[in-house]
Amino acid sequence: MRATTIHAPFDMRVEDVPDPVVQDPTDVVLRVLRACICGSDLWAYKGESARQPGQRIGHEFLGIVEAAGSEVTGFAAGNLVVAPFVWSDGTCDYCAEGLHTSCPRGGFWGSVGSDGGQGEAVRVPFADGTLVKLPADAASDDHLLTALLALSDVLGTGHHAALGAGVKPGSTVAVVGNGAVGLCGVLAAKRLGAERIIALGRHTARTDIARAFGATDVVAERGEAAEAAVRELTGGQGAHGVIEAVGTEQSMRTAVAITRDGGSIGYVGVPHGSGTGLDLSVMFDRNIALRGGVAPVRAYIPELLPDVLAGTIDPSPVFDLTVDLDGVPAGYKAMDDRTALKVLIKP
C-alpha cells in the first residue's frame with residue numbers, strides 16, 4: 001500500500017509500505033476514506049520535532065473496517081468508523097475516567113513502529129477501546145464525511161479547550177489562535193452557550209469562518225494592542241473564559257492578559273518556544289485558572305457525534321484544500337505557507 005512518510009525537514013514522500021495486517025486479536029485493519037494534515041504535523045515538517053527517516057505520519061482519519069481480530073467484539077468488516085488521534089485500550093482507570101490520552105497501553109498514530117493516518121490503510125490496536133462506529137450511509141455523503149473527520153482531533157480539541165475555559169451559557173469567551181483548532185474552539189463555545197465570542201486573528205478568510213461559527217467580534221491587533229481591544233470590548237474586565245490554541249509564549253501572555261479576574265484559560269496549543277508566557281504571581285493575584293492539555297477526544301466523540309450527524313454543528317469549513325495521496329507533500333507546503341488552513345486527504 002501507499003502511505004506518507006517523512007525523511008527530513010520539508011522532505012515528505014508518498015511511498016510503498018507493507019500492507020497492515022491483524023497482529024493482535026484486539027486489532028482491526030481499516031481502509032482510510034478520509035485523512036488530513038494537522039497543524040501539529042508541521043512541527044515535524046519544519047524539523048522542530050524529531051522524526052526518524054521514513055517514519056509514518058498523520059493522526060486524523062476515518063474509514064472502513066476490512067478485517068478484525070478474534071477478540072474484537074464491537075466492529076466487523078464493512079463498518080464505517082472514526083479514530084481519535086490516540087489509541088487506547090478502553091479498560092484502564094484513565095480510560096474509565098475519560099482521560100484516554102493517559103492510557104498506559106495507548107499511543108499516537110505515526111509514532112515509531114505504528115501506522116500513520118495519511119495512507120491507504122491503518123492497523124488499529126485495541127479497536128474496541130479506540131474506534132467509534134459511524135452510520136453506514138455516511139460513507140456516501142461527501143460533506144458529512146468531511147465534517148465527521150473533524151471528530152478525530154480538531155473538533156474534540158476545541159471542545160476540550162472550551163471546557164477548560166469554563167464556557168457556560170451567557171459567558172464571554174475570547175479565542176487566541178485562528179487555526180483549525182481555534183476555529184473549532186469558537187464552534188464549541190457557541191455550542192456550550194457563550195453569549196459573546198471574541199476571535200483574535202487578522203487573516204480574513206479565517207475570521208470569516210470564525211464569524212460563521214459564532215464569533216460576535218473579531219480583534220485583528222496583536223500583543224498589547226490586542227489586549228487593549230479585548231479590554232475595551234468587555235468594559236475593561238476581560239473575558240470570563242479564554243481559549244489558547246497556539247502554544248507560543250506570546251499567545252499565552254495574551255491569554256492571561258485578556259482573562260477576567262476569576263476567569264479560566266483552556267489551553268490546547270501544543271507548547272513550543274523558549275518559555276511558557278505564564279506569570280504565576282499575576283495568575284495568583286487575579287484568581288485565574290489554567291486547564292487543558294492533550295485533548296482526550298475519544299471521551300468527547302459520543303457527545304459531539306449526534307450534533308454533527310444532525311448538522312447542528314458543522315466543522316467542515318476548516319478544510320479548505322483537498323488533495324489525493326500524491327498531493328500530500330504539496331499540502332504540507334500549502335499549510336506551512338499559510339495558503340491553506342487545513343488540508344483534507346482523499347486516499
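Residues numbered from 1 in each chain as written. Predicted model: local features only at pLDDT ≥ 70, side-chain atom pairs only at ≥ 80, totals over all residues. Heavy atoms only, no water.

Peer 1: What is the right way to look at the pattern of salt bridges in this model?
Peer 2: On inspection of all chains with the given rule, the structure shows 17 salt bridges. Across the salt bridge formed by Arg-56 and Asp-115, the nearest N and O atoms sit 3.2 Å from each other. With Arg-56 in strand S4 (residues 55–56) and Asp-115 in the loop between strand S8 (107–108) and strand S9 (121–124), this residue pair connects regions lying 59 residues apart in the sequence. Asp-115 gets classed as buried once you look at its relative accessible area, which sits at 17%. The shortest N-O distance in the salt bridge between Asp-217 and Arg-196 comes to 2.8 Å. With Asp-217 in strand S13 (residues 217–219) and Arg-196 in strand S12 (residues 196–200), the pair connects residues that are 21 residues apart, well separated along the chain. Using a relative accessible area of 15% as the deciding quantity, one classes Asp-217 as buried. (Salt bridge = Lys/Arg side-chain N within 4 Å of Asp/Glu carboxyl O. Helix = DSSP H or I, 4+ residues; strand = E, 2+ residues; numbered from the N terminus. Buried < 20%, exposed > 50% of the residue type's maximum accessible area, 1.4 Å probe, protein only.)

Peer 1: Where do I start with the nonpolar core in this structure?
Peer 2: One recurring pattern in soluble globular proteins: nonpolar side chains tend to sit buried together. Leu-62, Leu-148 and Leu-155 are the most contacted members of the largest nonpolar core, which totals 53 residues. In this structure, Leu-148 is in contact with Leu-62, Val-82, Leu-134, Ala-138, Leu-305, Val-308 and Leu-309, ignoring residues within four places of it in sequence. Listed in part, the 33 residues of the second largest apolar core include Leu-30, Ile-37, Val-124 and Tyr-332. (Core = buried A, V, L, I, M, F, W, Y, C linked by side-chain atoms within 4.5 Å. Contact = heavy atoms within 4.5 Å.)

Peer 1: I would appreciate a short explanation of the sheet that holds strand S15 (residues 259–267) in the present structure.
Peer 2: Sheets are built from strands paired through backbone hydrogen bonds, the pairs being either parallel or antiparallel. Strand order in the open sheet formed by six strands is S13-S12-S11-S14-S15-S16, with parallel pairing between adjacent strands. Each edge of the open sheet carries a strand with a single partner, namely S13 and strand S16 (289–292). The sheet shows a mean angle of 20° between the axes of neighbouring strands, taken without regard to direction. Bridge analysis of strand S11 (residues 172–176) against strand S14 (residues 239–244) gives four bridges, and the strand direction is parallel. Residue pairing across strands places Ala-174 opposite Val-242, the latter belonging to S14. (Pairing = 2+ DSSP bridges. Axes fitted to C-alpha atoms, helices over the stretch in contact; angles between N-to-C directions.)

Peer 1: Help me understand the sheet that holds strand S2 (residues 11–16), please; the structure alone is not making it clear to me.
Peer 2: Here we have three strands laid out as an open sheet, ordered S2-S1-S4, and antiparallel in their pairing. Both outer strands of the open sheet, S2 and S4, are each paired with one neighbouring strand and no more. Bridging between strand S1 (residues 2–8) and S4 involves two bridges; their strand directions are antiparallel. Bridge pairing in S4 places Thr-5 opposite Arg-56.

Peer 1: Teacher, can you tell me more about the packing of aromatic side chains here?
Peer 2: Both the distance between ring centres and the angle between the ring planes are used here to describe each pair of aromatic rings. On inspection of all chains with the given rule, the structure shows five aromatic pairs. Considering the side-chain rings of Tyr-45 and Tyr-332, the 5.4 Å spacing of their centres and the 35° angle between planes classify their relative orientation as tilted. Of this pair, Tyr-45 sits in helix H1 (residues 41–45) while Tyr-332 sits in helix H12 (residues 328–336), and the two are 287 residues apart along the sequence. Accessibility assignment for this pair places Tyr-45 and Tyr-332 in one class, buried. (Phe/Tyr/Trp six-rings, centres within 6.5 Å; stacked < 30°, edge-to-face > 60°.)

Peer 1: What am I meant to see in the state of the cysteines here?
Peer 2: A covalent bond bridging the sulfur atoms of two cysteines is what the word disulfide describes. All chains considered together, the criterion is met by zero disulfides. Residue Cys-38 stays outside any disulfide, its sulfur separated by 7.1 Å from that of Cys-36, the closest cysteine. For Cys-92, which is in no disulfide, the shortest distance to another cysteine sulfur is to Cys-95 and amounts to 3.6 Å. On the basis of relative accessible area, Cys-92 is assigned to the buried category, the value being 14%. (Disulfide = S-S within 2.5 Å.)

Peer 1: Would you take a moment to explain helix H11 (residues 297–310) for this structure?
Peer 2: Since there are 3.6 residues in each turn of an α-helix, residues three or four apart along the chain are aligned in direction. The terminal C-alpha atoms of H11 lie 19 Å apart, and with 14 residues this matches the ideal 20 Å at 1.5 Å per residue to within 8%. Within H11, the axis deviates most sharply at Glu-303, by approximately 45°, and proline Pro-306 lies no more than four positions further along. All buried positions along H11 are accounted for by Val-297, Arg-298, Tyr-300, Ile-301, Leu-304, Leu-305, Asp-307 and Val-308. Against the buried residues of H11 lie strand S6 (80–83), helix H3 (127–130), strand S10 (132–134), helix H4 (142–149), helix H5 (154–164) and helix H6 (180–191). Positive phi shows up at Gly-311, right after H11, with a value of about 80°. (Expected span 1.5 Å × (residues − 1). Bend = angle between axes of the 7 residues up to and from the residue.)

Peer 1: Please explain H6 as it appears in this structure.
Peer 2: With twelve residues, H6 should cover 16 Å at 1.5 Å per step; its first-to-last C-alpha distance of 16 Å lies within 8% of that length. Burial within H6 is extensive, with ten of its twelve residues counted as buried. Among all positions of H6, only Ala-180, Val-181, Gly-182, Leu-183, Cys-184, Gly-185, Val-186, Leu-187, Ala-188 and Ala-189 are buried. On its buried face, H6 is in contact with H5, S11, S12, helix H7 (204–213) and S14.

Read these as spatial facts, not as claims about activity.
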